[in-house]
Amino acid sequence: MSTLGLAGWHSRGALIAAVSVGAVVAVIHLLTAGRYDFFVNELYFIVCGRHPAFGYVDQPPLVPLIAAATQVFGTNVWLLRLPAVLAAVLLIPLVVAFAELLGASKRGAWLAAIAAASSPMLTAMTATLTTSTFEALDFTAVAYFVTRALVRNEPRLYWWAGAFAGFAFEAKYGIAIWIAGLAAGLIAAGPRSIVRSRDLWIGAGIGAAIAMPNVVWQLVHGLPFLELVHNDSSGNLTGTPAEFIMDQILVLNLVLAPLWMTGIIAPFASPKFAQYRFLAVAFVVSAVIVFVTHGKSYYLAGAYPTMFALGAAACSALPVVVVSLWAALAAVNGALSLPLVLPIYSPERLKFVVDHMPMKMRPIEKASIGAPLTQVFSFEFGWRELAATVSDIYASLPATDRAHAAIFAHNYGEAGALDVLGTNLPPSLSGNNNYYLWGPRRYDGSVIIAVNVDPAQWRRWCNSVHVVARFGSSPYVMPREREKPIIICRGMRPQLAQVWPQLKFYGI
């Protein structure tokens, strides 16, 4: 660890800040990690991870493999979220070490630690295990190692930057935005001599080697991720430039806005921080990329800890009483927002709070409009009801029907819920994302239990269609999962294998 510079603290105060704030973060996350239920994407990731591959239609392999590994001894929400808790906790000492590297004093170290811990968006990203969970940690680690390699003349740390970038790519493709930002920053602000560093290119090679299996998988399968992006109908609500910036200010913690803005401005306003201009440029370029590509607001979240560290270093000269008050206000504001990003309240209480908030949260995509709780929390309800209902329907079939009955779900969340939470069910089928690639398996379509499909459409293919149940009765589920039909299709003609291409749906 000393080689990486995460244990060799300059001051005992910085170490105390990292450990103290990290411990608080750990306790809060561990106490809430098992509340509510599986998030829709978590169910899908578990199923993907149980089909090991170098890639999947809609994400790289790392998070699905981790998700499946946590469920080896049975389904358990709390265990599933332990890797996310670890990511939240490790971010704190990393940001503190980064702030110290940039020149932060003890008070600056505390400010950086509290900033990393009190940002609602960063907390939300580690509340569940998703492809975004590790972004803040990965983005910050890449920037830290590049910066340290430059300012301390430790070129082999480029190797570590490359390794983190490669593993980040295997978790989510969003690291490409940050790499593009850092490259633009180094080209625009220097030092341009970095391109002559042998170790930089070795690091780039390490990152490319780690990322290559997934790149090859995507190429072999016809770049399905690009097809998914092209087809995406979730409707990201990026908004106008003013709306985008205001969203960032609010979801990052309003009190922290002056801190990350200082991180952007300080390298251009103070000669002391001029050597870090490439970090500020990297952030701005990344923000522009997210905006012009109509990305979701959290796509930029991973870049903020770097600005927290730089801002904390620049603000270290402020009087201790000012920094202390600022940090306290940030912590209080972050604590007040916790029920919106961690399952602290009961669903009933949270719904009351959401319904009576003086300032309504702007949805990040069209698919989230109408969520009775927050989008994430609403996608944690209804799955066990669905699994129990379908399990009962399947069990009620005559034995001769069960022997060749298929279970089809409209989307990957429903299919994942049935595969993870169902009782004595065969593997689910779906035309959505990676389920499509797994195909119809051995089923011919003579008997199909189909979830959340249009009965009228299926009557074109089936000799008979009967709506046998509905699911989504919970008042907290997303509208798209509320009171949806479950049908039994008998005698599909043509057979399922021939119909399968018409069921393909790459998207959210």
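All of these numbers come straight from a predicted model, not from anything done at the bench.

Re a nonpolar patch on the surface
In step 1: Where nonpolar side chains cluster on the molecular surface, the patch consists of M246, L250, V251, L254 and M359 and spans about 450 Å² of accessible area.
In step 2: Positionally, M359 belongs in the loop between α18 (347-355) and α19 (375-378).

Remarks on the confidence of the model for the protein
Low-pLDDT stretches of the model should not have their predicted coordinates read in fine detail.
In step 1: This prediction gives the protein a mean pLDDT of 94; 96% of its residues lie at or above 70.
In step 2: Here residues 1-8 is modelled with pLDDT under 50, and outside its nearest four sequence neighbours on either side it reaches 15 contacts, counting other chains as well.

Quick look at the nonpolar core
Note on soluble globular proteins: their nonpolar side chains tend to be buried together.
In step 1: Counting residues in each nonpolar core, the largest one holds 82 residues, and the members touching the most others are L259, W260, L279 and F308.
In step 2: Among residues more than four places away in sequence, those in contact with L259 are L111, A115, M307, F308, G311, A312, C315 and W326.
In step 3: With 46 residues, the next largest nonpolar core counts C48, A67, A171 and I449 among its residues.

A word on the state of the cysteines
In step 1: Throughout the structure, instances matching the rule amount to one disulfide.
In step 2: Linked covalently through their sulfurs, C462 and C489 form a disulfide whose S-S length is 2.0 Å. Because the sign of the S-S torsion sets the handedness, a value of about -100° for the bond joining C462 and C489 places this disulfide among the left-handed ones. Taken as a pair, C462 in strand β3 (residues 462-471) and C489 in strand β4 (residues 484-492) lie far apart in primary sequence, 27 residues in all.
In step 3: The class of C462 is buried, set by a relative accessible area of 8%.
In step 4: In this structure C489 comes out as buried when scored by relative accessible area, which is 0%.

Conventions we followed
- For every chain, the first residue of the written sequence is number 1, and numbering continues from 1 along that sequence.
- Residue-level local features of this predicted model are given only where pLDDT is at least 70; pairs of side-chain atoms are given and counted only at 80 or more, and the full residue set underlies all totals for whole chains, interfaces and linings.
- Calculation of side-chain values draws on the structure's entire complement of heavy atoms; hydrogens and water are dropped beforehand.
- Note on patches: the residues involved have over 30% relative accessible area and no salt bridge, like charges join within 9 Å, and the nonpolar side chains Val, Leu, Ile, Met, Phe, Trp and Tyr join within 5 Å.
- Values of accessible area rely on a 1.4 Å probe in the Shrake-Rupley scheme; residue burial ignores everything except the protein chains shown.
- Salt bridges are defined by distance alone: a side-chain nitrogen of Lys or Arg within 4 Å of a carboxyl oxygen of Asp or Glu.
- Runs of H or I in DSSP of at least four residues are treated as helices and runs of E of at least two as strands, each being numbered from the N terminus.
- The pLDDT value expresses, per residue, how confident the predictor is, ranging between 0 and 100.
- Between two residues, a contact is recorded if the distance between any of their heavy atoms is within 4.5 Å.
- Nine residue types can take part in a nonpolar core, namely buried Ala, Val, Leu, Ile, Met, Phe, Trp, Tyr and Cys, and a core is a set of them joined through side-chain atoms within 4.5 Å.
- Relative accessible area decides the class of each residue, using a 1.4 Å probe on protein chains only: under 20% of the type maximum gives buried, over 50% gives exposed, and in between gives partly exposed.
- Cysteine sulfur atoms are paired as a disulfide whenever they come within 2.5 Å of each other.

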